[in-house]
Amino acid sequence: MANSLPALSPRLFAALGTEAPVVQSGMRGVAGPELVAAVSNAGGLGVLAALHAEPDLVRASIRQVRELTDKPFGVNIWLHEDVRSSPNPEAIPDDVVRAAQSALNELRPRFELEPTLQRPEAVPDLVDAALEVMIEERIPVFSAGVGLPEEALVSRFHSAGSKVVAMVATVADGEEAVGNGVDVVVAQGTESGGHRSYGSKLTKSEALGSSTLTLMTEMIDAVGAAVPVLAAGGIIDGRGLAAMLALGGDGVLLGTRFVATKESTAAQMWKKRLTSGERQTTLTDGFTGQWARVLRSEFTSHWDAAKVEALPGLLQAAAGRDLFTAAKQLDDDQMQPLYAGAGVGSLEGIPGAGQVIDQMVAEARACLARLSQ
Ligand SMILES: Cc1cc2nc3c(=O)[nH]c(=O)nc-3n(C[C@H](O)[C@H](O)[C@H](O)COP(=O)(O)O)c2cc1C
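In this report, we go over the structure that sits alongside the text. Nothing here was measured: the structure is a model prediction, and the numbers come from that model.

Paired through their backbone hydrogen bonds, the strands of a sheet run either parallel or antiparallel. Spatially, the three strands line up as an open sheet ordered 7-11-10, and their pairing is antiparallel. Of all the strands in the sheet, just strand 7 (194-195) and strand 10 (281-284) have a single pairing partner and so form its edges. With two bridges joining them, strand 7 and strand 11 (residues 292-295) adopt antiparallel strand pairing. Counted as the bridge partner of H195 is A292 from strand 11.

On to the packing of aromatic side chains. The full count for this structure, using the stated rule, is six aromatic pairs. Ring pairing ties together the aromatic residues F287, F299, W303 and F324, which thus form one cluster. In this structure, K201 is placed above the aromatic ring of W291, and the distance from its NZ or CZ to the ring centre is 5.1 Å.

All right, on to the nonpolar core then. Among soluble globular proteins, nonpolar side chains are generally buried collectively. Judged by nonpolar contacts, the single largest core of 82 residues is most densely connected at I77, M134, F142 and F258. Here the element with the most residues in this core is helix 17 (residues 353-372); it accounts for seven residues. Ranked by size, the runner-up nonpolar core spans 23 residues in total, among them A103, F111, L311 and A318.

For the rest of this paragraph, the subject is the pattern of salt bridges. Applying the stated rule across the entire model yields 17 salt bridges. The shortest N-O distance in the salt bridge between R11 and D250 comes to 3.0 Å. Separated by 239 residues along the polypeptide, R11 in helix 1 (residues 10-16) and D250 in the loop between helix 11 (238-246) and strand 9 (251-254) bring together distant segments of the chain. For R11, a relative accessible area of 34% translates into the label partly exposed. On the basis of relative accessibility, which here comes to 6%, the residue D250 falls in the buried class. A salt bridge links D94 to R119; its shortest N-O distance comes to 2.4 Å. In this pair, D94 sits in helix 5 (residues 94-105) while R119 sits in the loop between helix 5 and helix 6 (127-136), placing the two residues 25 residues apart along the sequence. With a relative accessible area of 49%, D94 lands in the partly exposed category.

Along the chain, the position of Q334 falls in the loop between helix 16 (321-329) and helix 17. Residue classification places Q334 among the buried positions, given a relative accessible area of 16%. A polar side-chain atom of Q334 sits 3.3 Å from a polar atom in the side chain of D333. Dropping the residues within four chain positions of it, Q334 is found in contact with R110, R273, S297, E298 and F299.

Close to the ligand lie 24 residues; S25, N76, G234, G255 and T256 are nearest. Residue G234 places a main-chain N or O atom 2.8 Å away from an oxygen atom belonging to the ligand. Here an oxygen atom of the ligand and a side-chain polar atom of T256 are 2.5 Å apart. Within the complex, the protein chains bury 97% of what would otherwise be the 600 Å² of accessible surface of the ligand. For the shell around the ligand, the secondary-structure elements that each account for two or more residues are strand 3 (73-78), strand 9 and helix 12 (256-259). Its residues assigned to classes, the shell around the ligand shows nine nonpolar, 13 polar and two charged.

What counts, and at which threshold
Residues numbered from 1 in each chain as written. Predicted model: local features only at pLDDT ≥ 70, side-chain atom pairs only at ≥ 80, totals over all residues. Heavy atoms only, no water. Pairing = 2+ DSSP bridges. Helix = DSSP H or I, 4+ residues; strand = E, 2+ residues; numbered from the N terminus. Phe/Tyr/Trp six-rings, centres within 6.5 Å; stacked < 30°, edge-to-face > 60°. Lys NZ or Arg CZ within 6 Å of the ring centre and 35° of its normal. Core = buried A, V, L, I, M, F, W, Y, C linked by side-chain atoms within 4.5 Å. Buried < 20%, exposed > 50% of the residue type's maximum accessible area, 1.4 Å probe, protein only. Salt bridge = Lys/Arg side-chain N within 4 Å of Asp/Glu carboxyl O. Polar contact = N/O pair within 3.5 Å; in protein donor to acceptor, adjacent residues only side chain to side chain. Contact = heavy atoms within 4.5 Å. Near = heavy atom within 4 Å. Areas by Shrake-Rupley, 256 points an atom, 1.4 Å probe, with all protein chains shown as cover. Nonpolar A, V, L, I, M, F, W, Y, C, P; charged D, E, K, R; others polar.

Written out as structure tokens, the structure reads:
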């Protein structure tokens, strides 16, 4: 379908070589080679998740994608300052560790886990090693999220023949990304599932940011003359794509919709929860240490009520690893992060990822044709 008509966004096609203006977000634990290839084979841009992956795994996964598709694809990683170089656990004040662990201790009996006031172990710095592999492998597209790519990094990717896409949550970051030479900007609205795309930790009210519609409008005005601008956050189907094209955008980036697809490696329980008509999402830093939109749960209510500071970087995830791992092993949907965007209430079914792309493009074309009648 995407191949048989002129590209919906010629500018994005020129920038990234994608026939359908739909990018699938890199998502750890969700976006493996099968999902990426299914999206790219359908004419969108599939994006592999490289966060927390050892360099050998990043290389093997890139090569696996290449075996499954000859279309352009991307590889994503976070560039957050505290993820690129993780804080030293020993430097966290005792009372901060104690307060965070005490809040988690109230939940540990659910899984018969021992209470602890221990500091978490250090989180290994894997980002720069993964970036080297991406450059060596001359990937078609580098997708940066949760932190900006600096000019020198953009230039190294360009020298390797890779395009660079940067996801940002403010106009100022969009302008800086364009100044650093990126080829495409993604405007990430507050509706987005998963982590907010900032390079450092902000307060909750700052991290909430703007709606997708507001941010897209401002971003198109600020940088749209220089580079294609994509919208992310709360977009579920072809109506959302048509709306963003009508606004003057060049396409969309979707996360939540692709979690609930056949090729996604997310747990069946998560896919089911996303497609059961639920609408309640919230922003929490209790799972990882960074602000992320998830389905509301007993954990998010407990963490909100505890009113304690999350550990920095991703050390909060390390502090609660026993709890979150036990929840995952037992398929407990109340004690693990089920990332979801605010559009989750409209998600239906668990289709193949290629079908998502085909339907979105067809629906967007129909919407735009109706407008021009
Ligand atoms: C499960 C999940 C994991 C995500 N992981 C990443 C990631 O590793 N890197 C990244 O840049 N963005 C990540 N995101 C955020 C997306 O890039 C994007 O902003 C968001 O999914 C768009 O909103 P939507 O979920 O409403 O479509 C993730 C989102 C979800 C839902």
